[in-house]
Amino acid sequence: MENTISAKFSTLEASATLKTNEHVDRLMASGQEVFHLAFGESRFPVHPKLLEALKDNAHQTHYLPSQGLPALRKAIARFYSNDLDLNISDSQVIVGPGSKSLIFALQMALDGELLLPTPSWVSYSPQAHMLAKPVRYVPSSLNDGYKLDIERLEKTIGESQYTTKILLINSPNNPSGCMYESSFFEQLAEVCRKHKIIVISDEIYGLVAHGEHKHISIANYYPEASIILGGISKHLSLGGWRLGCAVVPNTALGEQLMDALTTIASEIWSSPSAPIQFAACTAYDESPEILSYIEECTILHTIRTQHLYRSLSALGIRCTHPNGGFYFVASFDRWRQQLASNGVCNSDDLADHLLENYALATLSGAVFGIPGDDLSLRLASSKLDLETDAQAAALLIAYRSGMNPSALVERYHPRMDEAISRFSRFVQDMSAISELEVCEM
Ligand SMILES: Cc1ncc(COP(=O)(O)O)c(C=O)c1O
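Bear in mind that the values here come from a model prediction, so they are computed numbers and not experimental data.

Side note on the site of the ligand
As a matter of local geometry, the ligand sits amid 13 residues, with Ser99, Asp202, Tyr205, Ser233 and Arg242 nearest to it. Between the ligand and Ser233 there is a distance of 2.6 Å, counted from an oxygen atom to a side-chain nitrogen or oxygen. Here Arg242 contributes a side-chain N or O atom positioned 2.7 Å from an oxygen atom of the ligand. Contact with the protein chains covers 92% of the free accessible surface of the ligand, which is 400 Å².

Remarks on the sheet that holds strand β10 (residues 327-331)
Taken together, four strands build an open sheet; the order of strands is β9-β10-β13-β12 and the sheet is antiparallel. Taken across any chain shown, the strands that pair with only one partner, and hence form the sheet edges, are β9 (318-319) and β12 (363-364). In this sheet, strand β13 (residues 376-380) lies alongside β12 in antiparallel orientation, the contact comprising two bridges. Residue Ser364 lies in a different strand from β13, and its bridge partner there is Leu377. In the packing of helix α10 (residues 288-314) onto the sheet, the strands contacted are β9, β10 and β13, and the crossing angle to β10 comes to about 10°. Of the strands in this sheet, β12 and β13 touch helix α12 (residues 347-358), which is tilted by about 50° from β13.

So, the pattern of salt bridges
Counted under the stated rule, the structure contains twelve salt bridges. Here Lys194 makes a salt bridge to Glu154, at a shortest N to O gap of 3.1 Å. Highlighted residues: Lys194 in helix α7 (residues 182-195) and Glu154 in helix α6 (residues 150-159), separated in sequence by 40 residues. Classification of Lys194 by relative accessible area gives exposed; the value is 59%. With a shortest N-O distance of 2.9 Å, Arg422 and Glu418 are connected by a salt bridge. Residue Arg422 and its partner Glu418 are located together in helix α15 (residues 414-440), separated by four residues, close to a single helical turn. Salt bridges linked by common partners bring Glu33, Glu387 and Arg415 together as one network.

Describing the domain arrangement of the chain
Many analyses report the size of an interface as the accessible area lost when the parts associate. You can read the domains of the chain as domain 1 (7-45 + 289-440) and domain 2 (48-285). A C-alpha centroid distance of 26 Å is found between domain 1 and domain 2. Both sides of the domain 1 and domain 2 interface together cover about 3200 Å² of buried area, and 61% of this is carbon and sulfur. On the domain 1 side of the interface with domain 2, the three residues burying the most area are Ile290, Asn323 and Phe368, jointly 21% of the side's total. Applying the counting rule to domain 1 against domain 2 returns zero salt bridges.

Notes on the pairing of β13
Of all five residues in β13, five are buried; the element is thus mostly enclosed. Side chains Ser376, Arg378 and Ala380 project from β13 onto one buried face, and the interleaved Leu377 and Leu379 project onto a second face that is buried too. Summarising the sheet, β10 and β13 pair through five bridges and their orientation is antiparallel. When the sheet's bridge partners are listed, Tyr327 is paired in β13 with Ala380.

Here's the deal with the packing of aromatic side chains
Going through the model one piece at a time under the given rule, you end up with 16 aromatic pairs. An angle of 75° between the planes, with centres 5.6 Å apart, marks the rings of Phe184 and Phe185 as edge-to-face. Take Phe185: its relative accessible area is 1%, and that puts it in the buried class. Joined through ring pairs, the aromatic side chains of Phe332, Trp335, Tyr358, Phe423 and Phe426 make up one cluster.

Some words on the side chain of Glu203
Within the secondary structure, Glu203 sits in the loop between β6 (197-202) and β7 (226-231). No salt bridge is formed by the buried Glu203; its nearest oppositely charged neighbour, Lys214, is found at 9.8 Å. With near-sequence residues (within four places) excluded, Glu203 lies in contact with Leu84, Ser171, His215, Ser217, Ile218, Ile228 and Leu229.

A word on unusual backbone geometry
Geometrically, the link from Thr118 to Pro119 is a cis peptide bond, its omega value of 0° lying close to zero. On the secondary structure map, Pro119 appears in the loop between β3 (113-117) and α5 (124-130). At the junction of Ser171 and Pro172, the peptide bond is cis and its omega measures out at -10° in the coordinates. One can find Pro172 in the loop between β5 (165-170) and α7. Of note in the backbone geometry, Ser270 takes a positive phi value of approximately 65° without being a glycine.

Some words on the nonpolar core
By size, the foremost hydrophobic cluster in this structure holds 48 residues, and its most contacted members are Phe44, Leu72, Ile76, Tyr80, Ile232, Leu236 and Tyr284. Of all the secondary structure elements, the ones that give two or more residues to this core are α2 (48-56), α3 (70-84), β2 (93-96), β8 (244-247), α9 (274-283), α10, α13 (389-400) and α14 (405-412). Here this core takes seven residues from α3, the largest share from any one element. Contacts of Leu72, omitting those with residues within four sequence positions, involve Val95, Leu243, Gln277, Ala280, Cys281 and Tyr284.

Calculation criteria
- Residues numbered from 1 in each chain as written.
- Predicted model: local features only at pLDDT ≥ 70, side-chain atom pairs only at ≥ 80, totals over all residues.
- Heavy atoms only, no water.
- Near = heavy atom within 4 Å.
- Polar contact = N/O pair within 3.5 Å; in protein donor to acceptor, adjacent residues only side chain to side chain.
- Areas by Shrake-Rupley, 256 points an atom, 1.4 Å probe, with all protein chains shown as cover.
- Pairing = 2+ DSSP bridges.
- Helix = DSSP H or I, 4+ residues; strand = E, 2+ residues; numbered from the N terminus.
- Contact = heavy atoms within 4.5 Å.
- Axes fitted to C-alpha atoms, helices over the stretch in contact; angles between N-to-C directions.
- Salt bridge = Lys/Arg side-chain N within 4 Å of Asp/Glu carboxyl O.
- Buried < 20%, exposed > 50% of the residue type's maximum accessible area, 1.4 Å probe, protein only.
- Domains from an automatic or database assignment.
- Buried area = accessible area lost by both parts, 1.4 Å probe.
- Phe/Tyr/Trp six-rings, centres within 6.5 Å; stacked < 30°, edge-to-face > 60°.
- Lys, Arg positive; Asp, Glu negative; His and termini not counted.
- Core = buried A, V, L, I, M, F, W, Y, C linked by side-chain atoms within 4.5 Å.

Now the structure itself:
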C-alpha cells in the first residue's frame, strides 16, 4: 500500500532527545564508553512517601474524570497558588499524562499562529507541525544569552497576518538554562495585552531554580490570558510517572479552554493512570518532607550544573549562564576554522565529532532551532555520575551528611570530571590545529 502515511510525517522524526538517548543507551549496552550529556532526566530516587502512596493506590483501577482526580486538582491549585503567589481554583486545573501531552492539547485547542522564541524545546514545533499549525519563529542570539528580545517579538508580531496569536515561553529554559525576571514579564505582559496574545507558559523547571533568581510566572502579570504548565517530572524525578498539569486563566477564555482540553483528554487519553493520580496528591500536599526533598534535589542539580558550566567556561567554551534546570548551550564558534579543517561544518557534525572522537554525547543546537552554522550544542548535567539509582541515592546521602559542594563535586563526580577533561583535550586539539596552520604559513 502506498501513500498511506500522512505527508506531515515525511519531514518529522522521533523527538531528538529521546532518539539520541536510545542511541546512547545502545552504545553503552554494547560496552562502549559514553559520557551522556545529551538527555535531561532528573535521576534522584522516588521519595519514600510517594513510593508508599503509589503502593497504597495500586488497587485503583477505575477510570478517573478527564479533567483529573478532584483531590489532585485541589492539591495542585493550592500548591501553585502558594508557590507562584496566585489565586488558583481547582476548576482552573487539568492533569494529563505529562505536560507534553497538555502542550499538544493546547496547541490543538487554540487557533491561530504559534510565535515560538528560538532556541526552544524540541517538541513544540513538531507538535505544531503535526497539527498543521502555522509557526513564526522569534530568533535570539548567543550574545543575548539566547533570551527572548521583546523588540524582536514586537517586530515578529507586526509581520504576522493572523488575528489570533499564541506565544510559547519557557522559563527556566530548556536548552539555555535562562530565567526571566519580573521586569521582563512586566514588559512582555504589556506587549501581549496590546496585541491580545495568548501565552502558553511552560514552567516545568520552575521548582529547579538555582537560587540567583526566584522563579516567576507570566501569570502574575498577565493572568487573563496565560496558561501555566507544570508537573512532577523534573523537581521530583518522576518523568516516567507521566503526570503533568495545566492551569488555565480564571476568565471566559479559561473556561472555554478547559472545555476544549477536557474534550481532547476524553477522546485521547481519558485520564492519566489512576494509581499515579492518587499518589501525586502526596507530591502536591506541601508536606515539609516533600518540600525539603524538592529543595535538596534542586540544590544538587544546581551544584552539578554550575560545576559543568564553570569548568567548560574556564576552558574558553562560550556558554549560556544557567539559572535553572539542568541545561545550557555551549558555542564552539571560536574554533570554526579548525573544525572546518576536520570536516565539521555545522552543529550536527559537531555533535557527531564529539561522540566519535571524545565519547561525549551531546545534542546539536539545531534541534532546538539554533542555526546549524552557530556550532552550538545543548549540554545536560543530569545523568553523569548518576547513571545508576545507587549512585543517585549515594549522592543524596552524602549531601545530607553535610558534605560541602566542592567535596560533593570532587568525590562524587569522576565521570563529569572525565567529560570535562575530554572537552579540555578537544580544546587542546583545536589549538594544535591553529599552531600547525600558523607554522605552515
Ligand atoms: C521544556 C520542557 N517542557 C516540557 C517537558 C515535558 O515534560 P513532561 O511531559 O514529562 O511533563 C520537558 C521534558 O523534557 C521539557 O524539557
